[in-house]
Amino acid sequence: MSRGYDEITSFLGEWGPFQRAIFFLLSSSIIPNGFNGLSVVFLADTPSHWCHIPTNANISDQWRNVSIPLEEVNGELQYSKCRRYSLGVIRNLSAMNYLPGVDVNVTEIKQERCLDGWEYSQETYISTIVTQWDLVCSNDLKIPLTSSVFYLGVLCGSFISGQLSDRYGRKVVLFGTMAVQTCFSVIQVFAPNWGAFCVLFFIVGMGQISNYVAAFVLGTEILGKSARVLYSTLGVCLFFAIGYMLLPLFAFCIRDWRMLQLALSVPGFLYIPLWWFIPESPRWLLSQGRVEEAEEILQEAARKNGIAAPTRIFEPGELQVSDWASKRKQSHSILDLLRTKNICTMTIMFFAVW
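The structure reproduced in this document is the subject of the present report. (Residues numbered from 1 in each chain as written. Predicted model: local features only at pLDDT ≥ 70, side-chain atom pairs only at ≥ 80, totals over all residues. Heavy atoms only, no water.)

Quick notes on the packing of aromatic side chains
- Under the counting rule described, the total for this entry stands at 14 aromatic pairs.
- Plain terms: the ring middles of Trp15 and Phe23 are 5.4 Å apart, the flat faces sit at 80° to each other, and that makes the pair edge-to-face.
- Trp15 gets classed as partly exposed once you look at its relative accessible area, which sits at 37%.
- On the accessibility criterion, Phe23 (5% relative accessible area) is buried.
- Taking the centre distance of 5.6 Å and the plane angle of 80° together, the rings of Phe197 and Trp257 count as edge-to-face. Highlighted residues: Phe197 in helix H10 (residues 194-222) and Trp257 in helix H12 (residues 257-265), separated in sequence by 60 residues.
- When its relative accessible area of 0% is taken as the criterion, Phe197 is described as buried.
- Among the aromatic side chains, those forming a connected cluster through ring pairs are Trp133, Phe150, Tyr151, Phe197, Phe201 and Trp257.
- Between Lys171 and the ring centre of Trp275, over which it is positioned, the NZ or CZ distance is 4.2 Å. (Phe/Tyr/Trp six-rings, centres within 6.5 Å; stacked < 30°, edge-to-face > 60°. Buried < 20%, exposed > 50% of the residue type's maximum accessible area, 1.4 Å probe, protein only. Helix = DSSP H or I, 4+ residues; strand = E, 2+ residues; numbered from the N terminus. Lys NZ or Arg CZ within 6 Å of the ring centre and 35° of its normal.)

Structure follows, in structure tokens:
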């Protein structure tokens, strides 16, 4: 009589040194995902700003002080963020020695756009991508678009990550997408313009979700029943939240967006050594017909747990390994998520939750 995978591997136990190492190492790999998830909140924040008045405008200090019109915002008077009084008119009035508010009613002077750019308050930030590329006034729609581009990458990565991990393996995709996320985050530091930044941000989004999904699947396939539930709920979510919580601390200490982006990217390189500690999924290896490799991983796990493993873990005919090898040749598509009533219902529920 054939046995299921969990029954065959039950000799490993549920929470030995091997399972604990896999639990915490894979969970820790989720932390950088928490950085990227909300980094745009600080990278693209908009500080107070107003029109720039060139130092060589040839106007008196009295006229310079009133060159920005006042606007009422929520019952308070504030300097306009997108308009200034016509600099040409002010220059002429200043040259004729007219005084603002005495000889001239300033509010009657025609206004113009910020033709010479903007000045930004550095009370909170030294720089953001908003101040770097003047994403204000007529360009302010680019700020939410930046975030949308990232999550469009997340959407695309969601569709391809599963296909990639089924074809090339969970471990390869985990570390490959982690490298994509980390390297392209570093390249973002050197983005010459907003368009290049968004293209890179899209790729980072693809790597972010692909890394998350690969780590999630790899952990649930390696760990036993009880540890699997703990990992997929507390482990993954808690360490993702740790990334969220560390993000404001980084942003508080580093006020320049390029340095902040670099600081959020560099920790990804710390996960390179994990390649030698995290194994491939034995379940995936079995689905590929690579039974000997799956057994080697489980025997090594038994050794770490101080347990004597059977000489032959998967007996011929058990687990229908031959059937798994033949099933992997079958083609599947995203439409399989809607093929049966049960799967369709679960797909809709997960779509709504996420």
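Moving on, there is more to tell.
Details of the packing of helix H2 (residues 17-28) against helix H11 (residues 225-253)
- At their nearest, the axes of H2 and H11 sit 9 Å apart, and the two run at 30° to each other. The angle between H2 and H11 falls in the class roughly parallel. For the pair H2 and H11, the sense of crossing is right-handed. Contacts from Phe23, Phe24, Leu26, Ser27 and Ser28 of H2 reach H11 at Ala227, Leu230, Tyr231, Gly235, Val236 and Phe239.
- Within the contact of H2 with H11, the residues separate by chemical class into eight nonpolar, three polar and no charged. (Axes fitted to C-alpha atoms, helices over the stretch in contact; angles between N-to-C directions. Parallel < 35°, antiparallel > 145°, perpendicular 65-115°, else oblique. Left-handed = near helix turned anticlockwise from the far one by under 90°. Contact = heavy atoms within 4.5 Å. Nonpolar A, V, L, I, M, F, W, Y, C, P; charged D, E, K, R; others polar.)

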